[in-house]
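Residues per chain are reported as follows:
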Amino acid sequence: GVSVDDNLLAKAEFESNNAIALISFGESAAESTLLERCVLSIRRRGQFDGHVVVITDAPEERYDGVFDENVIVLKANEDDILYDYFQAPSMKYKRFKTLLIKYINSVPELDSIDWLYYMDIDMMLGAPFMDMILELRTKYDIDSAHDADSALYFFKDLHAEEFALNGGFMIINRHTSGLCLDVWREEIERHQRASFDQTSINAVIANKESNHCSLEAMEVENYVTFPKDDKALTKARLWHHHSPLIHIFNTWFASKESPEVMEEYVADVLRLSEEEKEEHKFGKSVITPSHEKWTGSNEVNDK
């Protein structure tokens, strides 16, 4: 069989050239513990100890001393924040997804990184990250499929029929995906009135003959779950069985989940100690009263 040493070697190799990228913008994100929750899930359930790059507009002291040394927090350049450009406030932040290569290029420590995985901070990892990624890269022939053209990989969007792909998770090749990110950024800027980044994703797909960028769809099944109600949460918690990616915040069903059940569920995903549970640090930022969702009064929902 495969020895422990072989596994550790494979893990070390994977972590030397793969990194996760997160963006955290806006006051309500900084006031919440979503980012901490996400990073903790990456380290514990995701068993990924490599580099995590965070781009944020939060004051430096907000994340000072919060993370381990492999989490690199980068302050967003003011010039990159198009303050009054978009009708939907969140789009000025979502545009940063298209600037990820630019930001990692500014950090010499990340020179060995070939693959970058973007995930929304309202997601958590529920299973080993490397296993999922190697499986996806094999299944969709991601390493070899696009020698000439530029490509990005997304999961299909299950929530809205008019949208093909969901922008919450994305596979980026540092050397070849840059063209696609540029094309997508142009479409985001062109769709000034759009509320979702899926609108610009659709436009990129529609023009793929002329823009030489291929946005590829991956099946959600077995990889992403959207915990919807107390029963599903309790079952997952009792069986300690979680999908590789868990997307909590943007479920339209948030009102069906009681905060207590959600907090217990998150505690299981994060493998919190009794001491950590007593701090109630990670459960509270999860539930947003459903009325806030529609008034737009809580910016975290825009993420």
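Residues numbered from 1 in each chain as written. Predicted model: local features only at pLDDT ≥ 70, side-chain atom pairs only at ≥ 80, totals over all residues. Heavy atoms only, no water.

### Observations concerning unusual backbone geometry
Line of reasoning, step 1. Phi at histidine 240 is positive, roughly 50°, even though this residue is not glycine.
Line of reasoning, step 2. Note on placement: histidine 240 falls in the loop between helix H10 (230-239) and strand S10 (245-247).
Line of reasoning, step 3. Positive phi values are uncommon outside glycine, yet histidine 280 reaches one of about 50°.
Line of reasoning, step 4. Turning to its location among the elements, histidine 280 is positioned in the loop between helix H12 (274-279) and helix H13 (290-295).
Line of reasoning, step 5. A relative accessible area of 44% places histidine 280 in the partly exposed class. (Helix = DSSP H or I, 4+ residues; strand = E, 2+ residues; numbered from the N terminus. Buried < 20%, exposed > 50% of the residue type's maximum accessible area, 1.4 Å probe, protein only.)

### Some remarks on the packing of aromatic side chains
Line of reasoning, step 1. Following the criterion strictly, the structure yields 13 aromatic pairs and no others.
Line of reasoning, step 2. Ring plane angle 15° and centroid distance 5.0 Å describe the contact between phenylalanine 25 and tyrosine 93, whose orientation is recorded as stacked. Separated by 68 residues along the polypeptide, phenylalanine 25 in the loop between strand S1 (18-24) and helix H2 (27-31) and tyrosine 93 in helix H4 (residues 91-94) bring together distant segments of the chain.
Line of reasoning, step 3. With relative accessibility at 9%, the residue tyrosine 93 sits in the buried group.
Line of reasoning, step 4. Between the NZ or CZ atom of lysine 92 and the centre of the ring of tyrosine 93, over which it lies, the distance is 4.6 Å. (Phe/Tyr/Trp six-rings, centres within 6.5 Å; stacked < 30°, edge-to-face > 60°. Lys NZ or Arg CZ within 6 Å of the ring centre and 35° of its normal.)

### Overview of helix H7 (residues 178-190)
Line of reasoning, step 1. The terminal C-alpha atoms of H7 lie 18 Å apart, and with 13 residues this matches the ideal 18 Å at 1.5 Å per residue to within 8%.
Line of reasoning, step 2. Looking at H7, one finds that the buried residues are Cys180, Leu181, Val183, Trp184, Arg185, Glu187 and Ile188. (Expected span 1.5 Å × (residues − 1).)

### Observations regarding the sheet that holds S10
Line of reasoning, step 1. Read across the sheet, three strands follow the order S5-S10-S9 without closing on themselves; strand pairing throughout is mixed. Looking at the sheet topology across the chains shown, the edges are occupied by strand S5 (123-125) and strand S9 (224-225).
Line of reasoning, step 2. Across the face of the sheet, helix H11 (residues 259-269) comes into contact with S5 and S10 while running at roughly 40° to S5. (Pairing = 2+ DSSP bridges. Contact = heavy atoms within 4.5 Å. Axes fitted to C-alpha atoms, helices over the stretch in contact; angles between N-to-C directions.)

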